[in-house]
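# Per-entry structural report
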Amino acid sequence: MSSESPSRPAGFEGLPRRTLGRQELRALVDRLAERPELWREHVAFSDDRRHYASLYRDEHVDVWLLCWTPRNDTGWHDHDVSSGAVRVVAGAVEENNPRIGGDPVRTVVSAGASFCFGPDHIHRMTGVEEGSVTIHAYSPPLVRMGQYSVDESGVMRRTVVDYTEELRPQDEVPAPQGALAAAS
Ligand SMILES: [Fe+2]
């Protein structure tokens, strides 16, 4: 389209110029998974700081490459007003969803699989295998996120964090039996 401006980089040309729905985000990360030339140069791993790289960002969507070891843990968080999608391109990651009064809902997602979610989603992600890699897309683009902490009495609190901050567990203590338990 001649009205397109500015031109977008390879892999992102056809995106609609509006907020994308969760299934559109999932289709995007699934497509990018088949284009390793667009992201493989960013793959790197660290146990201390989860490695991530921005692949693309405009006013409607942002796309990240994340690299995981089993020591990497986001802690509980949400994505504020954004929907999102995750595609695993190497290894496996674990997603946990908090459940009041019970153990979290635990899902292991392996290479080749993807999932998506709306802004109502709260989760925690950890690496399962060494050398795990995921592609994430969010719309509208992440600006801030909610990071949750659970104190010794099981009370959960939400802290607003900037999207550029690395998500990690917030001063978390082991939750009492039957309360919101930590992943792993
Ligand atoms: Fe997340």
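Rules of the game
Residues numbered from 1 in each chain as written. Predicted model: local features only at pLDDT ≥ 70, side-chain atom pairs only at ≥ 80, totals over all residues. Heavy atoms only, no water. Helix = DSSP H or I, 4+ residues; strand = E, 2+ residues; numbered from the N terminus. Buried < 20%, exposed > 50% of the residue type's maximum accessible area, 1.4 Å probe, protein only. Contact = heavy atoms within 4.5 Å. Areas by Shrake-Rupley, 256 points an atom, 1.4 Å probe, with all protein chains shown as cover. Donors = N, O, S within 2.8 Å, 3.2 Å for Na, K, Ca; no water. Salt bridge = Lys/Arg side-chain N within 4 Å of Asp/Glu carboxyl O. UniProt positions renumbered as here; feature names shortened; annotations may be inferred.

### As for the overall build of the protein chain
- What the protein chain contains, in helices and strands, is 1 helix and 11 strands.
- The order of α-helices and β-strands along the protein chain, N terminus first, is α-β-β-β-β-β-β-β-β-β-β-β.
- Within the protein chain, buried positions represent 46% of all 184 residues.
- In the protein chain, once contacts between residues fewer than 6 apart in sequence are set aside, the share between residues at least 24 apart is 68%.
- Taken as a whole, the protein chain presents about 9,000 Å² of accessible surface, with 49% of it coming from carbon and sulfur.

### A short note on the coordination of the iron ion
- All of the protein donors around the iron ion are His77 (NE2), His79 (NE2) and His123 (NE2); their distances to the metal are 2.1 to 2.2 Å.
- Take His77: its relative accessible area is 3%, and that puts it in the buried class.
- His123 gets classed as buried once you look at its relative accessible area, which sits at 2%.

### Let's talk about the pattern of salt bridges
- Under the criterion given, the structure shown has 14 salt bridges.
- The salt bridge involving Asp80 is made with Arg144; its shortest N-O contact spans 3.1 Å. Pair noted here: Asp80 is in the loop between strand S3 (77-78) and strand S4 (83-90) and Arg144 is in strand S10 (residues 144-150), with a separation of 64 residues, a long-range link.
- The partly exposed category is assigned to Arg144, whose relative accessible area is 45%.

### Overview of the UniProt feature "binding site: Fe cation" (unreviewed entry) in the protein chain
- Residues given the UniProt feature "binding site: Fe cation" (unreviewed entry) here are His77, His79 and His123. Annotated residues spanning 47 residues; largest pairwise C-alpha distance 9.4 Å, indicating a single compact cluster.
- Tracing the sequence through the fold places His77 in strand S3.
- Not counting chain neighbours up to four residues away, the residues in contact with His77 comprise His121, Ile122, His123, Arg124, Gly146, Gln147, Tyr148 and Leu167.

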